[in-house]
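Listed below, chain by chain, are the residues.
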Amino acid sequence: MKFEYDIIVVGGGHAGCEAAAAAAKMGCSTLLITMDMTKFAQMSCNPAVGGVAKGQIVREIDALGGQMGLITDRCTLQFRMLNRSKGPAMWSPRAQCDKSRFSEQWRRTLENIPNLYLWQDAVTELIINDQKVEGVMTRMGVRFNARAVILTAGTFLEGLMHVGRRQAEGGRAGDAASHGLSAQLASLGFEVGRMKTGTPARIDGRSVRFDLLTPQPGDEHPCKFSYDPDSKPVSDQLPCYLVYTSPEVHAILRTGFADSPLFNGTIKGIGPRYCPSIEDKLRTFADKNEHQLFLEPEGRDSHEYYLNGFSSSLPFEVQVAALQRIKGFENVHLYRSGYAIEYDYFPPTQLYHSLETKLISGLFFAGQVNGTTGYEEAGAQGLMAGINAVLKLRGEEPLVLRRDESYIGVLIDDLVTKGVDEPYRMFTSRAEYRILLRQDNADLRLTPIGHQIGLADDRRYQNMVEKKSAVESLISFVRHQSITPADLETYLKTIDSTPLTQGRKLYDVILRNKVTIEGLSAAVPVLQNFITEHRISEEAIEEAEIQIKYHGYIERERHMADKMTRLENISIRPDFNFNALHSLSIEARQKLTRIRPATIGQASRIPGVSPADINVLLVYFGR
């Protein structure tokens, strides 16, 4: 047994697992401490990965060399590519997962990574000397030393669960809360806040009349998350189901409002705006007679179902009575009630972009302790914290992804620059350059970076190189290959497209609406032969088609991003005295002093810092 490590990760949730895996794979001796080794990356809420913008984040985690995409593909029950009717910048993969298998696969993965060690215990104290972290103390009285510590405690710090007027300590149902760390960090000067989230009741599928519900199948041709060619799409999908509330259901729910901890002042924490409880929905959308809910399976060999959209902390009896008025749920049996949970977090403006804390050297925060919500946001932060902890120990510059490079870069920049006043959830609308940050090209954007730092292996890098080469060769081929009107007469008729009046390059034909490379290849043998001879994959074909159809938009956005990048290259000294610049507004001086931006680009995104203030900084630091 060893007690000295390079890096210690506190917490075995989605952030902790990604952090520990990355640190160990990059060569550091790493210890992951968790309170329960049967619940690695536990899906405490919805057992699903991805969704709008979240799916892009998982693709980015995978492209960098993280694990979430690979493990999701092994555990998928149903796959859907959301927003297919919109442009590719909005396409977002989502997978319903087998909750138990997901944790099992994470444990199997972690236990087989060299340099990674596991310890089941609770951390009660960080060992800090001279503003530098040196290790941790556990509840069992064991001291572990390390040169860096990554705190990923999720919802466990002073966790308190609510059902009606009843309260119980816990980080989630069935698990104890974590005590001591919040108070210690507050005593060290950290600002500590309080947030709230919630989850719905879990339903026994044997008590549901599925014949009365509306099935929601997965995609006919499901995709997958990981770019690894050995990872395969799900072959046997399970359906989800649509159900609806009613005025009768709403009336029963309202009878519990007086006992709701959300409404009677019991809960002080701030809840997620974009994942409201059912009682929040009734109050916010009082004019609606029904709300859509999704009944989703939690496992392939389980009867447990998750009722998406029915998160609640109302009294148990009210939850049951309301559910029994939903069509198909007349005889419903619950595995457990819904509940709300309050927990401590640390406003993320106290972090550098590396996710290292500004107050304590070598201490990193990742996940819900930074005020985010969602497995994907947590996993991304964990991955970056693990990477940057290793780079710090190597004496190298931190890896800071730009906003035009990744959704992960948008996420972290939003957190450390703007802070949070409610649980942060990623959306495509948060990214200025979402045409550049598509789910299809995450490997082209990020795998070279993952390979350079030693996280994405040679095989993964070579796969990316081959895909990039295939895309470029296909685009070059269609750009130079001509076609006659007669060659496409039948195909264009089938898609109601105007016939050609003269010869055209295939590239120009692909620009047309409804025209696809797949459809063209069936009509143009020379194109099909090229694809076959060069073994161009479906993924590369789709990538080439997107680059062709959206070339103008992509180039315009790249030009905009390049202009903004110039501001990112103008650095601001860490010790610069903003109060000495009297040309700045008072609010700007206060915000800049508190956030301490590293560049003028970051300063421009701080709420309260105006364009006029940025011009003052530009004049001072030189355009």
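Digging into the packing of aromatic side chains
Working step 1: Summed over the entire model, instances satisfying the criterion amount to 17 aromatic pairs.
Working step 2: Note on Phe210 and Tyr305: the rings are 5.3 Å apart at their centroids and 50° apart in plane angle, and the pair reads as tilted. Linking Phe210 in the loop between strand E13 (202–204) and strand E14 (214–216) with Tyr305 in strand E17 (residues 304–308), this pair joins segments that are 95 residues apart in sequence.
Working step 3: Ring geometry for Phe576 and Phe578: centres 5.1 Å apart, planes at 80°, overall edge-to-face.
Working step 4: The class for Phe576 is buried, based on a relative accessible area of 4%.
Working step 5: Through pairs of rings, three or more aromatic residues link up here, namely Phe3, Tyr5, Tyr117, Trp119 and Phe144.
Working step 6: Against the face of Tyr424 rests Arg430, its NZ or CZ located 4.2 Å from the ring centre.
Working step 7: Lying over the aromatic face of Tyr507, Arg479 brings its terminal NZ or CZ to 4.3 Å of the ring centre.

A look at helix H2 (residues 54–64)
Working step 1: In terms of residue burial, H2 counts as a mostly covered element, since eleven of its eleven residues are buried.
Working step 2: All of the buried residues in H2 are Lys54, Gly55, Gln56, Ile57, Val58, Arg59, Glu60, Ile61, Asp62, Ala63 and Leu64.
Working step 3: Trailing H2 by a residue or two, Gly65 shows a phi angle of about 115°, which is positive.

As for the pattern of salt bridges
Working step 1: Tallied over the entire structure, the rule returns 42 salt bridges.
Working step 2: Across the salt bridge formed by Arg147 and Asp6, the nearest N and O atoms sit 3.2 Å from each other. Of this pair, Arg147 sits in strand E9 (residues 143–151) while Asp6 sits in strand E1 (residues 4–10); the two residues are 141 residues apart in sequence, bridging distant segments of the chain.
Working step 3: Salt bridges sharing partners connect three or more residues here, namely Arg403, Asp413, Asp414, Lys418, Glu432, Glu568 and Arg605.

Here we look at helix H17 (residues 538–549)
Working step 1: Helix length check: H17 (twelve residues) gives 16 Å between terminal C-alpha atoms against 16 Å at 1.5 Å per residue, within 8%.
Working step 2: Every buried residue belonging to H17 is among Ala540, Ile541, Glu543, Ala544, Glu545, Ile546 and Ile548, and all of these are buried.

As for the sheet that holds strand E12 (residues 193–199)
Working step 1: Pairing is antiparallel in the open sheet, where four strands are placed in the order E11-E10-E19-E12. Here the strands that pair on one side only, and so sit at the sheet edges, are strand E11 (166–169) and E12. Each strand axis lies, on average, 25° off the axis of its neighbour in the sheet, ignoring direction.

Comments concerning the state of the cysteines
Working step 1: Applying the stated rule across the entire model yields zero disulfides.
Working step 2: In this structure Cys17 is not part of a disulfide, and its nearest cysteine sulfur, from Cys75, lies 12 Å away.
Working step 3: Judged by its relative accessible area of 0%, Cys17 is buried.

Here's the deal with the pairing of strand E15 (residues 240–244)
The two faces of the sheet receive side chains in turn, since in a regular strand these alternate between them.
Working step 1: Taken across its five residues, E15 has four buried, putting it largely inside the fold.
Working step 2: Where E14 lies against E15, three bridges are found, and the strand directions are antiparallel. Within E15, the position partnered with Gln216 by the bridge is Cys240.
Working step 3: Relative to strand E16 (residues 292–297), E15 runs antiparallel, the two being bridged by four bridges. Of the residues in E16, the one forming a bridge with Leu242 is Phe294.

Regarding the sheet that holds strand E3 (residues 48–50)
Working step 1: Spatially, E3-E5-E4 is the arrangement adopted by the three strands of the open sheet, whose pairing is antiparallel. If you trace the sheet from one side to the other, it starts and ends with E3 and strand E4 (76–82), each paired once. Strand-to-strand, the axes of this sheet are offset by a mean angle of 15°, without reference to chain direction.
Working step 2: Pairing analysis gives three bridges linking E3 to strand E5 (residues 92–97), with the strands arranged antiparallel. Bridge pairing links Gly50 to Arg94 in E5.

Some points on the packing of helix H1 (residues 14–25) against helix H4 (residues 99–111)
Packed helices, taken two at a time, are described by the angle between their axes plus the distance between the axes.
Working step 1: Relative to each other, H1 and H4 sit at 25°, their axes nearing to 11 Å. Here H1 lies roughly parallel to H4, going by the angle between them. Judged by the twist between their axes, the crossing of H1 over H4 is left-handed. Two secondary-structure elements touch here, H1 through His14, Cys17, Glu18 and Ala21 and H4 through Phe102, Trp106 and Leu110.

How each quantity is defined
Residues numbered from 1 in each chain as written. Predicted model: local features only at pLDDT ≥ 70, side-chain atom pairs only at ≥ 80, totals over all residues. Heavy atoms only, no water. Phe/Tyr/Trp six-rings, centres within 6.5 Å; stacked < 30°, edge-to-face > 60°. Helix = DSSP H or I, 4+ residues; strand = E, 2+ residues; numbered from the N terminus. Buried < 20%, exposed > 50% of the residue type's maximum accessible area, 1.4 Å probe, protein only. Lys NZ or Arg CZ within 6 Å of the ring centre and 35° of its normal. Salt bridge = Lys/Arg side-chain N within 4 Å of Asp/Glu carboxyl O. Expected span 1.5 Å × (residues − 1). Pairing = 2+ DSSP bridges. Axes fitted to C-alpha atoms, helices over the stretch in contact; angles between N-to-C directions. Disulfide = S-S within 2.5 Å. Parallel < 35°, antiparallel > 145°, perpendicular 65-115°, else oblique. Left-handed = near helix turned anticlockwise from the far one by under 90°. Contact = heavy atoms within 4.5 Å.

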